[in-house]
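Examining the three-dimensional arrangement
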Amino acid sequence: MERRPRRFRGRALAVLAVAVCAVTLAGCAGGRLGEDGRIGVVYMDAQGYYAGVRQGMQDHADESGRELQLLELNARGDASEESTFVDVAASAGVDALVLSPVSATASIPALRLAHESGIPVVCYNTCIEDGAAREYVTSYILGDPHEFGRLLGEAAAEHFEAEEVDDPRIAVLNCEFVEVCVQRREGFEEALFDRLPDAEIVANQQGATIDEAVDVGERVLTAHPDLDAFYGEAGGATMGAVRAVRSSGRTGDVVVFGSDMSTDAARALSDHTVLKANVDISGIAVGRMAGETVEDIIAGEEGDEFVTNAPIDLYTTPEDGAQWLEEHPDGIP
């Protein structure tokens, strides 16, 4: 079966969104969040952290005591699909828009449109460039990416100090097409070099998805046979690094410090032969915070701070991994 071209998929998305609006939202024009409410929500992916955000938003909607309705899109990292959805949502008169923008720059026109349409915008996890965000975005829910990386850098330093390794050689598998990942690395390096000034970052290559990270990780291991560790800036990078170490027969020789919890990450942490620490921001917690923030904004109860800090959790032991699995039987983080 021939695959539809991207442009056709964008038009199909618009038609679908209008259909959902007409059927599910029982009339999309006019009004603000009252007994019922309509919230447009954009996820950058359908898995992992973003599945958690979706669950948290739905939990909040179910528990709010009102018929809150979510008009949702998985943007798949595509700024054009995101833009089409925001255009449809703005025309539909949603009461608020919650999203993790695909791009700090390419997403600006879509958020400008929402703002000019009188729709409050709440960013989570990622946002547009700061100047534009301050103009077009009402609130930004963010687990401080610098602190996120710093906590993991501390864990890495503690591991190598315990192993009496003063000069570990570390490779980074990154997701630095988004700014938060750059800031994660900066926090990681700051904490690591503060305690181990002779540590060295020998490679920093993109590997945001598992398949990409496995391929890049295996090539890094070949190029750097004396490598001590990988730092995965995101979930796909983390599990790709774990798989690369195992498939290359380097278990017990090379370790991984990772980001973003999942069932696979928790199992790897429980095993503790490769993955030694993982840092995470619960998507479910962020989704709930986003729902609460939207209601506060619509009610005119905006906080004084533009950024709302999401909690950051560090997991470092096999027991931490086992407990996470017990507390998340459905695997949603």
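In this section: the pattern of salt bridges. If you walk through the whole model with that rule in mind, you get 21 salt bridges. With a closest N to O distance of 3.3 Å, Arg76 and Glu81 form a salt bridge. When its relative accessible area of 51% is taken as the criterion, Arg76 is described as exposed. Overall, Glu81 belongs to the buried group, its relative accessible area being 2%. For the salt bridge of Asp215 with Arg219, the shortest nitrogen-to-oxygen distance reads 3.1 Å. You can see Asp215 and its partner Arg219 sitting in helix H8 (residues 210-223), four residues apart, about one turn around the helix. On the basis of relative accessible area, Arg219 is assigned to the partly exposed category, the value being 44%. A network of salt bridges, in which partner residues are shared, links Glu147, Arg150, Glu154, Glu158, Glu161 and Arg195.

So, about the state of the cysteines. Enumeration over the complete set of coordinates arrives at two disulfides. One disulfide bridge connects Cys123 with Cys127, the sulfur atoms lying 2.3 Å from each other. When the S-S torsion is 65°, as for the bridge of Cys123 with Cys127, the disulfide is right-handed. Disulfide partner of Cys175: Cys181, at an S-S distance of 1.8 Å. The sign of the -85° torsion about the S-S bond sets the Cys175-Cys181 disulfide as left-handed. Residue Cys175 shares its accessibility class with Cys181, and that shared class is buried.

Right, let's talk about the side chain of Asp260 for a bit. In this fold, Asp260 is placed in the loop between strand E9 (255-259) and helix H10 (263-271). Given the relative accessible area of 19%, Asp260 is considered buried. In this structure the side chain of Asp260 is engaged in a polar contact, spanning 3.0 Å, whose partner is the backbone nitrogen of Gly235. In this view, Asp260 contacts Phe148, Arg184, Ala234, Gly235, Ala265, Asn278, Val279 and Asp280; residues no more than four positions away in its chain are not counted.

On to the packing of helix H6 (residues 145-162) against helix H7 (residues 179-195), then. At a minimum axis separation of 6 Å, H6 and H7 run at an interaxial angle of 35°. At the point where H6 passes H7, the crossing takes the right-handed sense. For the pair H6 and H7, the contacting residues are Pro145, His146, Phe148, Gly149, Arg150, Leu152, Gly153, Glu154, Ala156, Ala157, Glu158 and Glu161 in the first and Val180, Gln183, Arg184, Glu186, Gly187, Phe188, Glu190, Ala191, Leu192 and Arg195 in the second. Partitioned by chemical class, the residues of the contact of H6 with H7 number nine nonpolar, five polar and eight charged.

Below, the discussion takes up the pairing of strand E8 (residues 229-232). A regular strand places its side chains so that they alternate between the two faces of the sheet. Every second residue of E8 is oriented toward a common face, with Ala229 and Tyr231 on one face and Phe230 and Gly232 on the other, all of them buried. One ladder, built from four bridges, connects strand E6 (residues 169-174) with E8; its direction is parallel. The partner of Ala171 across the bridge, within E8, is Phe230. As a crossover connection, the stretch from E8 through helix H9 (residues 235-247) into E9 is right-handed.

Next up on the list: the sheet that holds E6. Here six strands make up an open sheet; going across it, the order is E7-E6-E8-E9-E10-E12 and the pairing mixed. Looking along the sheet, the strands with just one partner apiece sit at the ends: strand E7 (200-206) and strand E12 (313-315). For this sheet the average axis-to-axis angle between neighbouring strands, irrespective of direction, equals 15°. Examined bridge by bridge, E6 and E7 share six bridges and lie parallel to one another. Within the sheet, the bridge partner assigned to Val172 lies in E7 and is Asn204. The strands that H9 touches are E6, E8, E9 and strand E10 (275-280); relative to E9, the one it contacts most, it runs at about 165°. Together, E10 and E12 form the strand contacts of H10, whose direction differs from that of E10 by roughly 140°.

Basis of the calculations
- Residues numbered from 1 in each chain as written.
- Predicted model: local features only at pLDDT ≥ 70, side-chain atom pairs only at ≥ 80, totals over all residues.
- Heavy atoms only, no water.
- Salt bridge = Lys/Arg side-chain N within 4 Å of Asp/Glu carboxyl O.
- Buried < 20%, exposed > 50% of the residue type's maximum accessible area, 1.4 Å probe, protein only.
- Helix = DSSP H or I, 4+ residues; strand = E, 2+ residues; numbered from the N terminus.
- Disulfide = S-S within 2.5 Å.
- Polar contact = N/O pair within 3.5 Å; in protein donor to acceptor, adjacent residues only side chain to side chain.
- Contact = heavy atoms within 4.5 Å.
- Axes fitted to C-alpha atoms, helices over the stretch in contact; angles between N-to-C directions.
- Left-handed = near helix turned anticlockwise from the far one by under 90°.
- Nonpolar A, V, L, I, M, F, W, Y, C, P; charged D, E, K, R; others polar.
- Pairing = 2+ DSSP bridges.
- Right-handed = clockwise from strand over helix to strand, strands pointing away.

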